[in-house]
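Each chain is listed here by its residues.
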Amino acid sequence: MDSSLNVPQLLRQYGLRPDKRLGQNFLVSPAGLQKVVAAAGLTADDAVLEIGPGVGSLTVLLARQVRRVVAVELDERLRPPLEAVLRPYPQVTLVFGDILKQDVAALMGHTPYKVVANIPYYITSAVIRHLLEAHTRPERLVLTVQREVAERIVARPPRMSLLALSVQVFGEARLAARLPAGAFYPRPQVDSAVVRVDMTPPRVPEARLDAFFRLAKAGFAQRRKTLRNALAAGLGWPTTQALALLEAAGIDARRRAETLSLEEWAALTAAYAALSASSP
């Protein structure tokens, strides 16, 4: 089989239907598939972790360009068509299971790798967090997600989101391509987009990441509140303590979480660390 698979026909051949519960919308457009591969910027020496290979349309294209592909699929029903499609490609390792329960670093042999994933809306944040918290982080993420989610990932002030912060603290995120709903089978109700994240050293020292996320989650938990009130509520502090923290970081307490830049969140984290170290 070549990479231009007739996905609906292949599914019928094996008596299968896409599972709405799993958010299965398979990317079938050849042009769309090529956009994802182009966004990944692959070389012949690369190892790729693919999440959600479906019936293997993208997997085949990846296998033709890289040294190794590890494809993790949740839906055991797809084993027969996947194994048939990928039989000519010994460089592909199929793993059936939940990516959220996999030790990603061990899966990839604790060596450099890139991630290509077509992930449904309901697990987007969980998958990203799982990948970024892996013992060996990927060099690059290429994520096909709903367009609204993609826009949240690449957002900048004054429209920052907790998801944007969670990704951008680890790397440079950009919108690499747009994919219309018609590029998928079955056709979803919304368009999608491809986001590319090139990993960098964390913008916050590793030792302060827990504090960074604690502050960010508190700030975004009640987005309509000012930072002074949101941090006080989220951290269980009196407002005077939250105000002192914001003053130490040089941030106007009347601002809201979505208006802060990543650099300002880093400054807030540094002030938090300094205040914590000085307190008895």
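First things first, this report covers the structure right here in the doc.

Quick look at the packing of aromatic side chains now. Applying the stated criterion across every chain, the model contains four aromatic pairs. Seen from their ring centres, Phe 212 and Phe 213 are 5.2 Å apart, and the 85° between their planes marks the pair as edge-to-face. As far as burial versus exposure is concerned, Phe 212 and Phe 213 are alike and both buried. Relative to Trp 265, the ring of Phe 220 lies with its centre 5.8 Å away and its plane at 25°, an arrangement referred to as stacked. Of the two residues, Phe 220 sits in helix 9 (residues 209-221) while Trp 265 sits in helix 12 (residues 262-278), which places them 45 residues apart along the sequence. Classification of Phe 220 by relative accessible area gives buried; the value is 8%. According to the relative accessible area criterion, Trp 265 is buried, its value standing at 0%.

Moving on: the pairing of strand 2 (residues 47-51). Extensive coverage of strand 2 is indicated by the burial of five of its five residues. The alternating pattern of strand 2 places Ala 47, Leu 49 and Ile 51 and Val 48 and Glu 50 on opposite faces, both of which are buried. Sheet analysis places strand 2 next to strand 3 (residues 68-73), joined by five bridges and oriented parallel. Within strand 3, the residue paired with Leu 49 across the bridge is Val 70.

Glancing now at the side chain of Thr 269. Inspection of the secondary structure assignment puts Thr 269 in helix 12. With relative accessibility at 0%, the residue Thr 269 sits in the buried group. With sequence-adjacent residues up to four places away left out, Thr 269 is seen in contact with Val 204, Arg 208, Ala 211, Phe 212 and Leu 215.

Thresholds, definitions, all that
Residues numbered from 1 in each chain as written. Predicted model: local features only at pLDDT ≥ 70, side-chain atom pairs only at ≥ 80, totals over all residues. Heavy atoms only, no water. Phe/Tyr/Trp six-rings, centres within 6.5 Å; stacked < 30°, edge-to-face > 60°. Buried < 20%, exposed > 50% of the residue type's maximum accessible area, 1.4 Å probe, protein only. Helix = DSSP H or I, 4+ residues; strand = E, 2+ residues; numbered from the N terminus. Pairing = 2+ DSSP bridges. Contact = heavy atoms within 4.5 Å.

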